[in-house]
Amino acid sequence: MPLNRVINNPDHVVEDMLAGWLLAHADTVAATDNPRVLRRRAAPEAGKVGVVTGGGSGHEPAFLGYLGDGLLDAVAIGEIFSSPTARSFMDAIRAADGGAGVACLYGNYAGDNMNVQLAIRMAEREGITVQTVVANDDVASAPRGDEGRRRGVAGEILMWKVGAAKAAQGGSLAEVIAVARKAIEHTRSVGIGLSACVIPAVGKANFTIEAGSMEMGIGHHGEPGVAVCATANAAQMAQKMLDMVLPDLPFGAGDRVAVLVSGLGATPLMEQYILYAEVARRLQAAGITVAFNRVGNLFTSLEMMGVTLTLMKLDDELQACLGAPCQSVGLALRPSGSAPQPSAALVPHPPAGLPVAGAAMRQQAGLAATGPAAKPQPGTARRVQGPALDMARCGALVRELIDTICAHRQYLSEIDGLIGDGDHGINMSKGFAGCGERLDRLGEAEALHLPKALEQLSQALMDDIGGSMGPLYGRFFMGFVSTLEHHAQLDAALFGQALAAAVANVQAMGNAQPGDKTLIDTLVPACAAYRQALEEGRDFAQALDAMRDAAEAGKESTRALQARVGRSARLGARSIGVLDAGASSCFLILQSMARSLQRQLSA
């Protein structure tokens, strides 16, 4: 059913939005070689600390709306509600680097954490010093004392403003990081949701808020809050929000604060100002002085109805940084007595082609395999045991993987929508389809070479998916590549080594364990079952059957588990009773690999 939305292709809303953004704001921002990275026009500046961030689309004006003089130097842009890729974070770091180091200030989400860490490894190889501060201002997402699990929400804006002001004043990287960390440590936020939002490519809301109800503590991606209650009036909303925020730092009489009230996308400005008035009156009555404030659609969630409240406790340094001049789409502060001056116009860079392939790309991304499979040197002899396949002719496996994931796009998104964003199938399908385009450009002979085809798949997932699945599956398939690439024949033993290396890569990156309700619950039993089948003397095809059956059982086991890592972990017991989307896509991948190899073995 067509959506009543102002869009063209639902799968290309981010690309189409960026085209319009660049045309509308050419005085403030510029393109880079990476179409998913924008920079402020004057960046980079020699000798100045670069300040970057990144995040999913759908929150505009965050993140790219805070690019500008006195604010962010570069921003990496992800799919809707999904982390940018490691490549995009790295390109943002390059675009901001003026030789004094780069501060990466971003929100506390699993995908962002993974991709930023990969980007930092790349930056180290290029001699760029990167330090980070992770925002965790959402009081509803974890209890006091467990701040490390809290999400970053609208408080990120204040962190960017303060850190960027220090950089613009000539502060060192250490000084920028210190003041940005102080900013987020002094900041608390909470949200109220009044209606759901719809990711265009999904076509329907993945959660509901009943009429007459409101959800306290809702997240910017629609993550469930801490309570659903009857819709209150603005005065009662303000009191409920302050009751959650004020005791958490705590804030008290005599404090100076900055206050942000942000709509979530569909809340009229009239109503935002009504809420602000109620908040301001209560703060004044509590002896708290509002020294800085902003009201508006500052950090949204597509067309969600609702509001967020953010408070920062100020000292002289934080207040001075907040008041420093800046110019961006989302926030503009004029220097005292003068109008802001736009930066000199620069010619945007043309979009770049595909990244460099091969071993150099793997080294840059830090994707060397880990685990039990030792990588042989070229020319190393290996005795093949039992039925085997010609490595140069079994790359059709990758085409079948692409077809499998694309065919299950809606299924995977529907599973994800029950306890997540509802975009898992969309993003996976986009990444796998992108691999198909890469294989087309390789030519038939190289596309049929299994390690080469798998390497293209790994690179496509790393470059195009983002979130946590991009780096996790990118490393998974790179484990196969690193094990298989120097061999001519694929037999049961070699496949087992490659599978073990792939699983070890994923475990090393995600730190999840069996029972945490992740793709590890599919991968670990599948790898163990395959190994046991070989030890029992079963042949290649039979071992693949054992792998597939264990993978299915592992996937099904996640239904009864409570999520312990990732975004859905914040749901607690509410995550029980639903399949994990990552475990489900992992089963489909292993099942498709088993079928393809068995078909080729029997040919």
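Note that the structure is a prediction, hence the values are computed from the model and not measured. The residue count restarts for each chain, going from 1 along the sequence in the order it is written. Only residues with pLDDT of at least 70 get local features here, since the model is predicted, and only at 80 or more are side-chain atom pairs given and counted; chain-wide, interface and lining totals rely on the full set of residues. Calculation of side-chain values draws on the structure's entire complement of heavy atoms; hydrogens and water are dropped beforehand.

(A) Spatial organisation of the overall build of the protein. Along the backbone of the protein there are 19 helices and 16 strands. Its C-alpha atoms give the protein a radius of gyration of 25 Å, within 12% of the compact-globule value 25 Å for 603 residues. Burial classes: relative accessible area under 20% of the type maximum marks a residue as buried, over 50% as exposed, and values in between as partly exposed (1.4 Å probe, protein chains only). Each of the 603 residues in the protein was classed as buried or not, and the buried ones make up 58%. Pairs at least 24 residues apart make up 75% of the contacts formed inside the protein by residues separated by at least 6 positions. Accessible surface computed for the protein: about 22400 Å², of which carbon and sulfur atoms make up 53%. For the protein, the centre of its 51 positive side-chain charges and the centre of its 60 negative side-chain charges are spaced 2 Å apart. Each helix corresponds to a stretch of at least 4 residues labelled H or I by DSSP, and each strand to a stretch of at least 2 residues labelled E; elements are numbered beginning at the N terminus. Computation of the radius of gyration draws on C-alpha atoms, with the globule rule given as 2.2 Å multiplied by the number of residues to the power 0.38. We call two residues in contact when some of their heavy atoms are within 4.5 Å. Accessible areas in this description were obtained via Shrake-Rupley with a 1.4 Å probe; residue shielding takes into account the shown protein chains only. Neither His nor the chain ends is counted toward charge; the positive residues are Lys and Arg and the negative residues Asp and Glu. A charge is said to be at NZ when it belongs to Lys, at CZ for Arg, at CG for Asp and at CD for Glu.

(B) View of the pairing of strand E11 (residues 289–296). Relative to E11, strand E10 (residues 256–263) runs parallel, the two being bridged by seven bridges. The residue bridging Ser262 from the neighbouring strand is Gly296, located in E11. Seen with the strands pointing away from the viewer, any crossover whose path from the first strand over the helix to the second strand runs clockwise is right-handed. Traced from E10 through helix H7 (residues 269–285) to E11, the parallel crossover comes out right-handed. Pairing between two strands is assigned when DSSP locates at least 2 bridges connecting them.

(C) Region of interest: empty space enclosed by the protein. The method works on a 1 Å grid over the protein atoms by themselves. A cavity is a set of points holding a 1.4 Å probe that cannot get out, a pocket is an open set with protein on both sides within 12 Å along at least five of seven lines, and residues with an atom within 4 Å of a point line them. Grid points are joined across faces, edges and corners, and a volume is the space filled by probe spheres set on the points. A complete count under the given rule lists six cavities of 30 Å³ or more for this structure. Among the elements that make up the lining of the largest cavity, the one with the highest residue count is strand E3 (residues 50–57) (three residues). Gly counts as polar in this scheme, as do all residues outside two lists: the nonpolar Ala, Val, Leu, Ile, Met, Phe, Trp, Tyr, Cys and Pro, and the charged Asp, Glu, Lys and Arg. Its residues assigned to classes, the lining of the largest cavity comprises five nonpolar, ten polar and three charged. Of the volumes computed, that of the second largest cavity is approximately 60 Å³. Looking at the second largest cavity, the residues that line it are Phe81, Cys197, Val198, Ile199, Val202, Lys204, Asn206, His221, Asp421 and Gly422. Its residues placed into classes, the lining of the second largest cavity shows five nonpolar, three polar and two charged.

(D) Examining the side chain of Arg39 more closely. Position of Arg39 among the secondary structure elements: in strand E2 (residues 37–40). Any carboxyl oxygen of Asp or Glu within 4 Å of a side-chain nitrogen of Lys or Arg constitutes a salt bridge here. With no salt bridge to any partner, buried Arg39 finds its closest opposite charge in Asp33, at an N-O distance of 8.3 Å. Of the polar contacts made by the side chain of Arg39, one reaches the backbone oxygen of Ala43; its length is 3.2 Å. Within 3.5 Å is the distance limit for a polar contact, defined as a pair of N or O atoms, with the added protein rule that one can donate a hydrogen and the other accept it, and that residues adjacent in sequence qualify only through two side-chain atoms.

(E) Quick peek at helix H4 (residues 155–168). Multiplying 1.5 Å by the helix residue count minus one yields the expected span of that helix. Compared with the 20 Å implied by 1.5 Å per residue over 14 residues, the 20 Å span of H4 between its first and last C-alpha is a close match. Burial analysis of H4 places 13 of its 14 residues in the buried class, which makes it a mostly covered element. The first or second residue beyond H4 is Gly170, which carries a positive phi of 95°.

(F) Structural detail: unusual backbone geometry. Note that the residue after Ala43, namely Pro44, is joined by a cis bond; omega there is -5°. Relative to the helices and strands, Pro44 is located in the loop between E2 and E3. That bond from Ala62 to Phe63 is cis: its omega, 5°, falls within 30 degrees of zero. With respect to the helices and strands, Phe63 occurs in the loop between E3 and strand E4 (74–80).

(G) Structural context of the side chain of Asn427. Along the chain, Asn427 turns up in helix H12 (residues 424–442). Contact partners of Asn427, with chain neighbours within four places excluded, come to Glu79, Ser82 and Ile465.

(H) Layout of the packing of helix H15 (residues 469–484) against helix H16 (residues 492–510). Where H15 meets H16, the axes come as close as 8 Å, and the angle between the chain directions of the two elements is 145°. The two elements H15 and H16 cross, and the hand of that crossing is right-handed. Two secondary-structure elements touch here, H15 through Pro471, Leu472, Arg475, Phe476, Met478, Gly479, Phe480, Thr483 and Leu484 and H16 through Leu494, Phe495, Gln497, Ala498, Leu499, Ala501, Ala502, Val503, Asn505, Val506, Met509 and Gly510. Looking at the contact of H15 with H16, its residues break down into 15 nonpolar, five polar and one charged. Inter-axis angles, ranging from 0 to 180 degrees, are taken between N-to-C directions of lines fitted to C-alpha atoms, where helices are fitted over the stretch in contact. Less than a right angle of anticlockwise turn of the near helix away from the far helix marks a crossing as left-handed, whereas a clockwise turn marks it as right-handed.

(I) Quick peek at the packing of aromatic side chains. Any Phe, Tyr or Trp ring, taking Trp's six-membered ring, that has another such ring centre within 6.5 Å forms a pair; planes under 30 degrees apart are called stacked, those over 60 apart edge-to-face, and the others tilted. Using the criterion set out here, one finds ten aromatic pairs in the structure. Here Tyr66 and Trp160 contribute two aromatic rings whose centre-to-centre distance is 5.6 Å and whose plane-to-plane angle is 45°, an arrangement assigned as tilted. Taken together, the residues Tyr66 in the loop between E3 and E4 and Trp160 in helix H4 connect sequence positions 94 residues apart. Tyr66 gets classed as buried once you look at its relative accessible area, which sits at 1%.

(J) Summary view of the nonpolar core. Remark: nonpolar core denotes a set of buried residues (Ala, Val, Leu, Ile, Met, Phe, Trp, Tyr, Cys) joined through side-chain atoms within 4.5 Å. Grouped together as the largest cluster of nonpolar side chains are 89 residues, with contacts concentrated most on Phe476 and Phe495. Tallying contributions element by element places H16 first for this core, with ten residues. Beyond its immediate sequence surroundings of up to four residues, Phe476 is in contact with Leu499, Ala502, Val503, Val506, Leu523, Ile589 and Leu590. Within the second largest apolar cluster, 65 residues are counted, among which are Trp21, Ala154, Phe299 and Leu333.

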